[in-house]
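Architecture at a glance
As a plain string of letters, each chain reads:
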Amino acid sequence: MNYFFKAATIAAIITAGQGVSAIELPDQIGDHAVLQQQSDAKLWGWAKPGAKVTVTPSWSKKAVTTTADKTGRWSLRVATPAASYEPYSITFAEGNDKLTINDILIGEVWLAAGQSNMEMPMRGFNSQPVEGAAADIARSGKLRDRVRMAYLVRGDEYEPQERIAGKWKVASPENTPEFSAQGFYFARELNDLIDVPVGILCASYGGTQVEGWLPRDILDKYGYGAEADVPEPMRLAYRYTTKYNSMIHPLIGYTIKGFIWNQGESNAGNPPTYAKLLTDMVARWRSDWGDTENKLPFYQTENPHFGWFNPTATPAAEIREQQNMAVDMIPNSGITCTADLVYPYEEHVIHGSRKREIGERMAWQVAERQYGITGMPWRSPAFESMKKCDDGTVRVRFTNPAFGLLPNVGNVEGFEVAGDDGVFHTAQGKVDWNAPEVILSCPEVADIKDVRYCFKNFQLGNLRNSYGMPAVPFRTDTHKN
């Protein structure tokens, strides 16, 4: 007997003896998965066409049955209990074939998506570290039943895909280095605040434009033709619709609490369309998940300050402006300000190292707005109004001062002012202790018409509230540089 034929025969006999099930499941429905608590959680997979599939979760022992369609695809929903740290199992049966997945937790599930600042793992990128990650990785084993992540592989297909690789992993010194850093810190902080397991489905791809996360029919509305003409190796990152088809479509229906998003740097070449594209993206994703009211929580991350080889230009600032505009356009959404989370030496480093603060601030906002923990200190001071004074100064008023603006002594850095000519000059700023206002003056501008705060690709300011939350960059003008 041919050696290879004999080996294959023996393998087949062994496999048959192990009773391998005809049922197949996506990677994301497997051991160590986290399912959304107190929901009708969607489960799906593949079997023989027309086969009867029975699913029995250990928490209720109540069997749910469905029939595979003509392609073999089946789906159903199971009622999940309140969150806990108790591990469960789920058994899938088709006739005499059975498949059981184990160590299933019931908790809160969030889908994290975006480009490289969401993708950036705890181990960092080459020569681009995540600040404090080593100690957090070393201690992550104690979070085994508190933080879990399914990190999806990159996908780049033009046709909608049914499957994508990416199994659930428990937090541990072995696994955590590959976790999305922002996703990990968000989950760790949220778990600490609400004390239930938190699972992150991470679908991220470095360098991608928002157009890559949208389906073709939406792009057609905007007149998009062929994909962006860019050289390798960036071509794959810029392919339109392919991330939606490959990384979002296979997950549609996996029951989640909401979305967290970190993307926008790659859209700096065309800022004016970003808010609308993002709004359409969120609406489509929500619709895909069966959210007919367009309210599934969506929280985005303000892009970091980055020089883009011209620190004094404004395209990156305009994207941050568009991101904040989108919050007013997208129901039940929010944004985490990151204006202070970059060091001066990171002017030309697009992957900022301070992912912990980003994840924590986002978790604080989510904890208050989605889980009812009031008093969380996540709000950033934001421009409210500007008033000209008789002495030539202007007073800029801010919302969300908490218990006063800072710095309470010295110059407030990051402000610029312009007159009728639209030419901006550095301004001197002073906080008013008795009002949430900054008083601005500038010898070069006798009659101040417009104000900007940190409105450049890379510009650092020091205005914050008494909780340390940074002021949101802004401009009062529409001048273009």
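The sections below set out a description of the structure shown in this document. On a predicted model such as this, the values are computed, not experimentally measured, just so you know. Residues take numbers from 1 onward in each chain, read along the sequence in its written order. Local features are withheld for residues below a pLDDT of 70 in this predicted model, meaning they are given only at 70 or higher, and side-chain atom pairs are given and counted only at 80 or more; totals for whole chains, interfaces and linings count all residues. Heavy atoms from the whole structure form the basis of all side-chain values; hydrogens and water molecules are not counted.

**Description of the packing of aromatic side chains**
Rules: Pairs were defined over the aromatic rings of Phe, Tyr and Trp, the Trp ring being its six-membered one, requiring ring centres within 6.5 Å. Orientation was assigned from the angle between planes: stacked under 30 degrees, edge-to-face over 60, tilted for the rest. Helix and strand definitions here come from DSSP, where helices need a minimum of 4 consecutive H or I residues and strands a minimum of 2 consecutive E residues; each element is numbered from the N-terminal end. Here the term buried applies to any residue with accessible area under 20% of the maximum for its type, exposed to any over 50%, and partly exposed to those in between, with areas from a 1.4 Å probe on protein chains only.
For the coordinates displayed, the defined rule picks out 23 aromatic pairs. Seen from their ring centres, W213 and W261 are 6.0 Å apart, and the 85 degrees between their planes marks the pair as edge-to-face. A residue pair is termed long-range when its members are at least 10 positions apart, and W213 in the loop between β10 (198–204) and α5 (216–221) and W261 in strand β11 (residues 258–262) qualify at 48 residues. The residues W213 and W261 share a single accessibility class, namely buried. Between Y224 and Y240 the ring centres are 5.3 Å apart and the planes differ by 85 degrees, which places this aromatic pair in the edge-to-face class.

**Topic: the sheet that holds strand β14 (residues 382–388)**
Note the cut-off: For two strands to count as paired, DSSP must find a minimum of two bridges between them. Only the contacting stretch of a helix is used when fitting its axis, a line to C-alpha atoms as for every element, and angles between N-to-C directions run 0 to 180 degrees.
Taken in spatial order, the four strands of this open sheet run β14-β15-β20-β19, and their pairing is antiparallel. With partners counted over all chains shown, the strands left at the sheet margins are β14 and β19 (428–432), one partner each. Neighbour-to-neighbour, the strand axes of this sheet turn through a mean angle of 25 degrees, independent of strand direction. Where β14 and strand β15 (residues 394–399) come together, six bridges link them in antiparallel fashion. The residue bridging S385 from the neighbouring strand is R397, located in β15.

**Things to note about helix α8 (residues 315–329)**
Each α-helix winds once per 3.6 residues, and so residues spaced three or four apart point in a common direction. This is how it is decided: To estimate how far a helix should reach, multiply one less than its number of residues by 1.5 Å. The contact definition used throughout considers only heavy atoms, calling two residues in contact when any of these lie within 4.5 Å.
Taking 1.5 Å as the rise per residue, α8 with 15 residues should run 21 Å; its terminal C-alpha atoms sit 21 Å apart, in good agreement. Next to the buried residues of α8 lie α7 (274–288), β12 (298–301), β13 (333–336) and β23 (474–475).

**What about unusual backbone geometry?**
For the bond running from L406 to P407, omega is 10 degrees, close enough to zero to count as cis. Considering the arrangement of structural elements, one finds P407 in the loop between β16 (405–406) and β17 (415–418). With a phi close to 75 degrees, H32 is a non-glycine residue in the positive phi region. In this structure, H32 sits in the loop between α1 (3–17) and β1 (34–36). Classification of H32 as partly exposed rests on a relative accessible area of 26%.

**Details of the packing of α7 against α8**
Which entries qualify depends on this criterion: Any angle between 65 and 115 degrees counts as roughly perpendicular, while under 35 counts as roughly parallel, over 145 as roughly antiparallel, and the rest as oblique. A clockwise turn of the near helix away from the far one marks a right-handed crossing, whereas an anticlockwise turn of less than a right angle marks a left-handed crossing. Under the convention adopted here, Pro, Cys and the residues Ala, Val, Leu, Ile, Met, Phe, Trp and Tyr are nonpolar, Asp, Glu, Lys and Arg are charged, and Gly plus all remaining residues are polar.
Running from amino to carboxyl end, α7 crosses α8 at an angle of 45 degrees, the nearest separation of the two axes being 8 Å. Regarding the angle of α7 to α8, the classification is oblique. Crossing of α7 against α8: the hand is right-handed. On α8, the residues that touch Y274, A275, K276, L278 and T279 of α7 are I319, Q322, Q323, M325, A326 and M329. Considered class by class, the residues forming the contact of α7 with α8 number seven nonpolar, three polar and one charged.

**Structural notes on the pattern of salt bridges**
Just so we agree on the cut-off: Here, a salt bridge means any Lys or Arg side-chain nitrogen found within 4 Å of an Asp or Glu carboxyl oxygen.
Inspection of every chain in the model, using the stated rule, returns 32 salt bridges. Between E162 and R73 there is a salt bridge whose closest N-O contact spans 2.6 Å. With E162 in the loop between β8 (147–151) and β9 (168–170) and R73 in strand β5 (residues 73–79), this residue pair connects regions lying 89 residues apart in the sequence. The class for R73 is buried, based on a relative accessible area of 18%. For E360, the salt bridge identified is with R356, shortest N-O distance 2.9 Å. Of this pair, E360 and R356 both sit in helix α9 (residues 355–371), four residues apart, roughly one helical turn. Here E360 falls in the buried class, since its relative accessible area comes to 12%. When salt bridges with common partners are traced through the structure, they connect E384, R395, R397, D432 and E437 into a single cluster.

**Description of α9**
Between its terminal C-alpha atoms α9 stretches 23 Å, which fits the 24 Å expected from 17 residues at 1.5 Å a residue. Counted residue by residue, α9 has 14 buried out of 17 residues, so it is predominantly covered.

**Some remarks on the pairing of β8**
By the criterion of burial, β8 is predominantly enclosed, with four of the five residues buried. Bridge count between β8 and β10: five bridges; the pairing is parallel. Within β10, the position partnered with M149 by the bridge is I200. Across three bridges, β8 lies against β9 in antiparallel orientation. Residue M149 lies in a different strand from β9, and its bridge partner there is K169.

**A few points about the side chain of E416**
Quick note on the threshold: Under the rule applied, a polar contact is a pair of N or O atoms within 3.5 Å (in protein, one hydrogen donor and one hydrogen acceptor; residues adjacent in sequence only if both atoms are side-chain atoms).
Note on placement: E416 falls in strand β17. Taking relative accessible area as the criterion, E416 reaches 7% and is therefore assigned buried. Within the structure, the side chain of E416 is placed 3.1 Å from the side chain of K456, a separation counted as a polar contact. E416 has contacts with F424, H425, T426, A427, D450, V451, R452, K456 and Q459, leaving out every residue within four places of it along the chain.

**Observations regarding the sheet that holds strand β21 (residues 450–453)**
Taken together, four strands build an open sheet; the order of strands is β18-β17-β21-β23 and the sheet is antiparallel. Among the strands making up the open sheet, the edge pair consists of β18 (424–426) and β23. Bridge analysis of β17 against β18 gives three bridges, and the strand direction is antiparallel. Each bridged residue has a counterpart across the sheet, and for A418 the counterpart in β18 is F424.

**Here we look at the environment of V451**
Of note, V451 is situated in strand β21. Taking the relative accessible area as the measure of exposure, V451 reaches 0% and is therefore buried. On a C-alpha basis, the gap between V451 and K388 in space is 11 Å, while along the polypeptide they are 63 residues apart. Filtering out sequence-adjacent residues up to four positions away, V451 remains in contact with M386, V394, V396, F415, E416, V417, F424, L440, F474, R475, T476 and D477.

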